[in-house]
Amino acid sequence: MIRMLALLLLLLPVPALAWGDYAHRLTARIAWAQLQPAARAEIRRILARSAAVDTPPCPLATIEDASVWPDCARGLGDRFAYSAPWHYQNISVCEPFDISAKCWNGDCVTAQIPRQLAILKDRSRSAKDRAMALAFVVHLVGDMHQPLHIGDKDDRGGNDVRAAFGFKDPDRMNLHRIWDSELAEGALTRPPAIGPAGISPARRRQLAAGSVADWAREAWEISRTVAYPELKSYPDSCPIPRDQRPRGARGVVDQAYVDAASASVRLQVERAGTRMARLLNTALAR
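Residues numbered from 1 in each chain as written. Predicted model: local features only at pLDDT ≥ 70, side-chain atom pairs only at ≥ 80, totals over all residues. Heavy atoms only, no water.

### Some details on the state of the cysteines
Under the criterion given, the structure shown has three disulfides. Each sulfur in the disulfide pair Cys58 and Cys72 lies 2.0 Å from the other. Taking the sign of the torsion about the S-S bond as the criterion, the disulfide between Cys58 and Cys72, at about -80°, is left-handed. Taken together, the residues span a long stretch of sequence, with Cys58 in the loop between helix H3 (37-48) and helix H4 (63-73) and Cys72 in helix H4 at a distance of 14 residues. Overall, the relative accessible area of 2% leaves Cys58 in the buried class. One disulfide bridge connects Cys103 with Cys108, the sulfur atoms lying 2.0 Å from each other. Here the disulfide of Cys103 and Cys108 is left-handed, its torsion about the S-S bond being about -75°. Of note for the protein chain: the bonded cysteines, numbered N- to C-terminal, pair according to 1-2, 3-6, 4-5. (Disulfide = S-S within 2.5 Å. Helix = DSSP H or I, 4+ residues; strand = E, 2+ residues; numbered from the N terminus. Buried < 20%, exposed > 50% of the residue type's maximum accessible area, 1.4 Å probe, protein only.)

### Structural notes on the nonpolar core
Residues Trp69, Ile113, Leu175, Trp179, Val253, Tyr257 and Leu280 are the most contacted members of the largest nonpolar core, which totals 81 residues. It is helix H11 (residues 255-284) that contributes the most residues to this core, 12 residues altogether. (Core = buried A, V, L, I, M, F, W, Y, C linked by side-chain atoms within 4.5 Å.)

### A few points about the confidence of the model for the protein chain
Confidence in the prediction of the protein chain, expressed as mean pLDDT, is 90, and 92% of residues score 70 or more. The low-confidence segment residues 1-17, where pLDDT is below 50, has eight contacts with residues more than four positions distant or belonging to other chains. (pLDDT = per-residue confidence, 0-100. Contact = heavy atoms within 4.5 Å.)

### Regarding unusual backbone geometry
Geometrically, the link from Pro191 to Pro192 is a cis peptide bond, its omega value of -5° lying close to zero. Within the element layout of this structure, Pro192 appears in the loop between helix H8 (182-189) and helix H9 (201-208). In the Ramachandran plot, Lys102 falls in the positive-phi region, its phi being about 55° despite a non-glycine side chain. Relative accessible area serves as the criterion here: at 36%, Lys102 is assigned to the partly exposed category.

### Some remarks on the packing of H3 against helix H6 (residues 127-144)
Interhelical geometry of H3 versus H6 gives an angle of 120° and a closest axis separation of 9 Å. As judged from the angle between their axes, H3 and H6 are oblique. Viewed along their axes, H3 and H6 form a crossing whose handedness is left-handed. Each of Glu42, Ile43, Arg45, Ile46 and Leu47 in H3 lies in contact with H6, whose residues at this interface are Arg130, Ala131 and Leu134. A breakdown of the residues in the contact of H3 with H6 according to their chemical character gives five nonpolar, no polar and three charged. (Axes fitted to C-alpha atoms, helices over the stretch in contact; angles between N-to-C directions. Parallel < 35°, antiparallel > 145°, perpendicular 65-115°, else oblique. Left-handed = near helix turned anticlockwise from the far one by under 90°. Nonpolar A, V, L, I, M, F, W, Y, C, P; charged D, E, K, R; others polar.)

### Concerning the pattern of salt bridges
Pairing between side chains of opposite charge can happen when the charged atoms of each approach one another. For the coordinates displayed, the defined rule picks out 17 salt bridges. Taking the shortest distance from any N to any O, the salt bridge between Glu42 and Arg130 comes out at 2.8 Å. Taken as a pair, Glu42 in helix H3 and Arg130 in helix H6 lie far apart in primary sequence, 88 residues in all. Where Glu182 meets Arg177, a salt bridge forms, and the shortest distance between an N and an O atom there is 3.6 Å. Here Glu182 and Arg177 have matching classes, each one buried. Through salt bridges that share partners, Asp21, Arg25, Arg29, Glu64 and Asp65 make up one connected network. (Salt bridge = Lys/Arg side-chain N within 4 Å of Asp/Glu carboxyl O.)

### Digging into H8
Buried residues of H8: Glu182, Leu183, Ala184, Ala187 and Leu188, and no others. Residues of H8 that are buried sit in contact with helix H2 (20-33), strand S3 (163-165), helix H7 (175-180) and H11.

### Notes on the side chain of Ser67
Along the chain, the position of Ser67 falls in helix H4. Overall, the relative accessible area of 0% leaves Ser67 in the buried class. Polar contacts involving the side chain of Ser67 include one to the main-chain carbonyl oxygen of Glu64, which spans 2.6 Å. If we skip the residues at most four places from it in the chain, Ser67 touches His24, Arg25, Ala28, Val138 and His139. (Polar contact = N/O pair within 3.5 Å; in protein donor to acceptor, adjacent residues only side chain to side chain.)

### Side note on the side chain of Arg275
Positionally, Arg275 belongs in helix H11. You can call Arg275 buried: its relative accessible area is 2%. At 2.7 Å, the side chain of Arg275 forms a polar contact with the backbone oxygen of Leu207. Once you skip the residues sitting within four places of it in the chain, Arg275 turns out to touch His145, Leu207, Ala208, Ala209, Trp215 and Glu218.

So this is what it looks like as structure tokens:
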């Protein structure tokens, strides 16, 4: 009976999580290791008052909790539905990069990062506002570095691209989910594992350079040059009109794809954690 229950649980639909729990928490740990003492103290003070957010199923006690809170909160019904478009931008890789594209009314990841930073920095704002802003900053910086949260071929960032990956059921897999979960966790845990201690001060300075627009362009470029074209057995036109997409088309994530993509995943997580630390130090270390 227990084995049957476990099998049934594996077959249930799994909601898409941006970068997945593991990558988000790792990004937060990398950031925490680079925070100045004053920034850490302020984050602890904000999180100590986070009960005001009133989301018991979604704890908000540590920076790692903050890194996954926005995804958890989206599962609480309509209360946080407004934030759904904040996690991505879907900028076409079939045209020149345009940071303003697909961002109606500022409801996109690159617009919300500075907006939430401004709320976080404002010490006159309520405990609830600042705790939520902290969570959104930490989470959205991670999301923006997942290439398929930025690059798009009119397929919802790869969500409409079915893809086979190892022994996973191909009817339940798509390219976006693979980057969010299985590919990311494999790339980040494969030796030498990525972690806070492996980034030297000189490399931190290099990774932290640039603006939100620069960082989005980098993620977009990876989706344009790696995430889409390296996929085997799937048409690589730009884009494929919806009425011309072959029925049953399914890409294949083979070992060559994993090798090419894993280096990008590892780099993006290092970048995200280091840049998150830069933003939080600037906003809070005073």
